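Architecture at a glance
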Amino acid sequence: MKALAPLTRDKQDTLLLVAAALLVLAPHFMHLPWWITGTVCVTLLWRVLLTLRGRRLPPVWLLLPVALIAMGGVFQSYGTLLGRDPGVAMLTLLLVFKLLEMHAKRDLYVVLFLSFFLMLTSFFYSQGILTGLAMAATLVALLTVQITYQYTGSVPTLGRRLRLAAKMFALAAPLAAALFVLFPRFEGPLWGMPGDAQGPRSGISDTMAPGTMTNLALSEELAFRVRFDGAPPAQNRLYWRGVVLSHYDGRTWTRIGGRLYRRDGDAMTLRVNGTPAPYEVTLEPSERRWLFTLELTPPALEVPGERVGESDELESFTVRPIHRRVRYRAAAYADYAVQPELDPALTGKWLQLPAGFNPKTRELARTLRGDGASVDTARVVAETLLLLRMKGFVYTLQPPLLGRDAIDEFLFVTRQGFCEHYAGAFVFLMRAAGIPARVVTGYQGGELNPVDGYMTVRQSDAHAWAEVWIKGHGWLRVDPTAAVAPDRVRLGLGGALPREAPYGITAFRGDKDSWLARLRFHVNAGNNAWNQWILDYNPERQRNFLAELSARAADRQTLAALAILLALAWLWRLLRARRRRDPVQTAWERFELLLARHGIRRAPDEGPHSLAPGWRRWRWRTKKRPRWPNSCNCTRRCVTARSMTMNDTGRSAVWSNC
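Residues numbered from 1 in each chain as written. Predicted model: local features only at pLDDT ≥ 70, side-chain atom pairs only at ≥ 80, totals over all residues. Heavy atoms only, no water.

**A word on the pairing of strand β20 (residues 474-478)**
In summary, the side chains of a regular strand alternate between the two faces of the sheet. Examined bridge by bridge, strand β19 (residues 462-470) and β20 share five bridges and lie antiparallel to one another. Across the sheet, residue Trp 469 finds its bridge partner in β20, namely Trp 475. In this antiparallel pair of consecutive strands, β19 and β20, the connection spans three residues, and Gly 472 shows a positive phi of 90 degrees. (Pairing = 2+ DSSP bridges. Helix = DSSP H or I, 4+ residues; strand = E, 2+ residues; numbered from the N terminus.)

**Side note on a nonpolar patch on the surface**
Side chains of Trp 46, Trp 61, Leu 62 and Val 66 sit close together on the surface and give an oily, nonpolar patch of about 430 Å² of accessible area. No other element matches the three residues that helix α3 (residues 60-78) contributes to the nonpolar patch. Following the sequence through the fold, Leu 62 ends up in helix α3. (Patch = residues over 30% accessible without salt bridge, like charges linked within 9 Å, V, L, I, M, F, W, Y side chains within 5 Å. Areas by Shrake-Rupley, 256 points an atom, 1.4 Å probe, with all protein chains shown as cover. Salt bridge = Lys/Arg side-chain N within 4 Å of Asp/Glu carboxyl O.)

**Some thoughts on a positive patch on the surface**
Where like charges cluster on the molecular surface, the positive patch consists of Arg 160, Arg 163, Lys 167, Arg 573 and Arg 576. Within the residue set of the positive patch, elements represented by two or more residues are α7 (158-182) and α18 (556-579). Ranked by the residues each element gives to the positive patch, the list is headed by α7, at three residues. Tracing the backbone through its elements, the reader meets Lys 167 in helix α7. (Lys, Arg positive; Asp, Glu negative; His and termini not counted. Charge placed at Lys NZ, Arg CZ, Asp CG, Glu CD.)

**Re the pairing of strand β18 (residues 455-458)**
Neither face of β18 is left uncovered, since the one carrying Met 455 and Val 457 and the one carrying Thr 456 and Arg 458 both have all their residues buried. Alignment of strand β2 (residues 222-228) against β18, held across four bridges, turns out to be antiparallel. Residue pairing for β18: Val 226 is matched across the bridge by Met 455. Pairing between strand β17 (residues 447-448) and β18: two bridges, direction antiparallel. Looking at β18, one finds that Leu 448 is bridged to Met 455. Here β17 folds back onto β18, and the loop between the two strands holds six residues, one of which, Gly 453, carries a positive phi near 80 degrees. (Buried < 20%, exposed > 50% of the residue type's maximum accessible area, 1.4 Å probe, protein only.)

**Here's the deal with helix α11 (residues 406-414)**
Residues of α11 that are buried include every one of Ala 406, Ile 407, Asp 408, Phe 410, Leu 411 and Thr 414, and no others. Of the surrounding secondary structure, the elements contacted by the buried residues of α11 are β4 (247-248), α9 (359-369), α10 (377-390), β15 (416-417) and α12 (419-432). Positive phi appears at Arg 415, one or two residues downstream of α11, with a value of about 55 degrees. (Contact = heavy atoms within 4.5 Å.)

**Side note on the nonpolar core**
In this structure, Phe 224, Trp 240, Tyr 279, Leu 283, Phe 292 and Tyr 443 are the most contacted members of the largest nonpolar core, which totals 71 residues. In terms of nonpolar packing, the next biggest core, distinct from the first, is built from 43 residues, Val 74, Val 111, Leu 114 and Ile 147 among them. (Core = buried A, V, L, I, M, F, W, Y, C linked by side-chain atoms within 4.5 Å.)

**Focus on the UniProt feature "transmembrane region" (unreviewed entry) in the protein chain**
Here the UniProt feature "transmembrane region" (unreviewed entry) sits at residues 12-29, 59-75, 107-126, 132-152, 164-183 and 558-575. A helix fraction of 94% and a strand fraction of 0% characterise residues 59-75, whose end C-alpha atoms lie 25 Å from each other. When the span residues 558-575 is considered, its composition is 100% helix and 0% strand, and the gap between its end C-alpha atoms is 26 Å. (UniProt positions renumbered as here; feature names shortened; annotations may be inferred.)

**Comments concerning the sheet that holds β17**
Spatially, the five strands line up as an open sheet ordered β12-β7-β2-β18-β17, and their pairing is antiparallel. Each having just a single partner strand, β12 (326-332) and β17 make up the two edges of the open sheet.

**Considering the packing of α10 against α12**
The interhelical angle for the contact between α10 and α12, taken along N-to-C directions, is 140 degrees, at an axis separation of 11 Å. Viewed along their axes, α10 and α12 adopt a mutual orientation that is oblique. You can see that α10 and α12 cross each other, and the crossing is right-handed. In contact with Val 380, Val 381, Thr 384, Leu 385 and Leu 388 of α10, α12 contributes Tyr 422, Phe 426, Leu 429 and Met 430. (Axes fitted to C-alpha atoms, helices over the stretch in contact; angles between N-to-C directions. Parallel < 35°, antiparallel > 145°, perpendicular 65-115°, else oblique. Left-handed = near helix turned anticlockwise from the far one by under 90°.)

**What to know about the sheet that holds strand β8 (residues 290-291)**
Taken in spatial order, the three strands of this open sheet run β8-β11-β10, and their pairing is antiparallel. Single-partner strands in this sheet number two, and they are β8 and β10 (308-310).

**Concerning the side chain of Arg 225**
With respect to the helices and strands, Arg 225 occurs in strand β2. Although Arg 225 is buried, it makes no salt bridge; Glu 284 carries the closest opposite charge, 4.6 Å away. With near-sequence residues (within four places) excluded, Arg 225 lies in contact with Glu 280, Val 281, Thr 282, Tyr 454, Met 455, Thr 456, Asn 524, Asn 528 and Asn 531.

**Some points on the packing of aromatic side chains**
Scanning the entire structure with this criterion turns up 18 aromatic pairs. Look at Tyr 248 and Phe 428: their rings are 6.0 Å apart centre to centre, the planes differ by 80 degrees, and that puts the pair in the edge-to-face class. Residue Tyr 248 is located in strand β4, and its partner Phe 428 is located in helix α12; the two are separated by 180 residues in the primary sequence. The exposure class assigned to Tyr 248 is buried, which follows from its relative accessible area of 6%. Look at Trp 350 and Trp 475: their rings are 4.8 Å apart centre to centre, the planes differ by 80 degrees, and that puts the pair in the edge-to-face class. Note that Trp 350 is positioned in the loop between β13 (335-338) and α9 and Trp 475 in strand β20, a separation of 125 residues in sequence. For the residue pair Trp 350 and Trp 475, the accessibility class agrees, reading buried in each case. Linked through ring pairs, Phe 224, Phe 228, Trp 240, Tyr 279, Phe 292 and Tyr 443 together constitute an aromatic cluster. Lying over the aromatic face of Trp 475, Arg 438 brings its terminal NZ or CZ to 3.7 Å of the ring centre. Arg 477 extends its terminal NZ or CZ atom over the ring of Tyr 239, reaching a point 3.9 Å from the ring centre. (Phe/Tyr/Trp six-rings, centres within 6.5 Å; stacked < 30°, edge-to-face > 60°. Lys NZ or Arg CZ within 6 Å of the ring centre and 35° of its normal.)

Rendered as structure tokens:
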């Protein structure tokens, strides 16, 4: 078999450049149109074959029409040449076409600078910790290419060039970190464009119809993270209040809440008792305005950079949609009463029902209410929950489709539903019985990460429950889903509706004690730390961090620890430098010090050969024998070692004989 001939220096460098360009381009393959990805791959392969075979690059008259056709394709795909996506697509094509048009060294620098710029555009699409690590590796690869083209003559091995590039990266990293921490921050995301915020998002909306919550429950997308100052409340107390829906048109529930304290006579009265549970919420961007709070949190939220409002139904919201990750603190009370003394005449909006819908449910409500002039709210609620518990209702993610009288069909025919079915039917039944009631949507539960103490609430935790008003007690939460599926509020959706293990592997099912769950907790903790301290390092967080840092710096113990660390670092650097010194050079410097102590100064142009005879004459004239064994011989050996090509082991042997 014929052995492959070694590649020339130019071919090796070109292949290294193509490999680095591939690292830059690969992250964009996930969002570029298929024809652009195909064009990029074919062009890179073409460039590799031309390099290996030593063929000439294609002429400009061929490349120019191809590039124009590609730009036309970009316009056809996106409808414009402006904006983030078409801009990145054009840069991607220009980079690979430029690899085919490299005739001078300046073309190489154009490719490198395009690569650096295109690498940064990856953060438009993902800013996770894995993307950051991938871009760091790509940066080292590009630096390696840049270093490679600086060498003339002999070139170090690829491993040594990679280590040199990694050292350059490591030297620049502390300065970049210091600038990141100390440079004044501006409001807004760390990296992004205004158009990035217009992408579709999922989350709790201000309407609810059959299927709304079911779709959210299938999503594992992150809704928000919570950190409690103390121990978190029990799982069945984790009701995260969002939107209150009080109007029903026979098919869809919608909100009617107005601004808090806007109308006379309908003022919010809120009584709380006991010690509050402080917590901090980090809410993901949702393109919606709703802020979620643990029941019951008084309406006094402050969100940096956002104007916050509250409704008379205890909803908290921002004036504009939430385009970025926001953080706010709050405190919840377990013992509370909302509007306990509300005038019954003002509860009419929570009793309204559309005419002509669900006659069987209305008849059931009349039966539950009884013939009395006044309604016994506690009894009606208890009998309704008992009915749901005893009549064979099923909690499922795949309920049957419902017709015009949806609640009648659900209560008397299908008896299968998700939380929106139970909450909607319960509120309809209460209103038909003359009890003020409304639907509340938000999230229930959350998963506590034991690694960092943060609680993760996902879209799959979306939930709907009901509130009924009782004179003297105010609005009370009633969760009819809990009557049918108690595990939903005790263990979460996964406990109520366990899913099959993917591929039959138990560890993939998400059990909290499995090795995969522990790995997932650590990964989530890493992502959360990245989000909290890198992506969300906003002006407020910078001020708090610097204030805490300055307070700690003023502490004597901190100053002492810092001084010890600096001293240890200096000592380590000194020992490391001495350990790496040339032993022959060390011997020569010690010999110069010995001469200086006896009054002999070496002239700048005086070398070891000319110095050694003078040293011998001085010893003969003064008859002195300084404490330096055979110094002249040592000098001669040093000169010999320096003048010869000798490895470190050989020079060390010379010094050991001096």
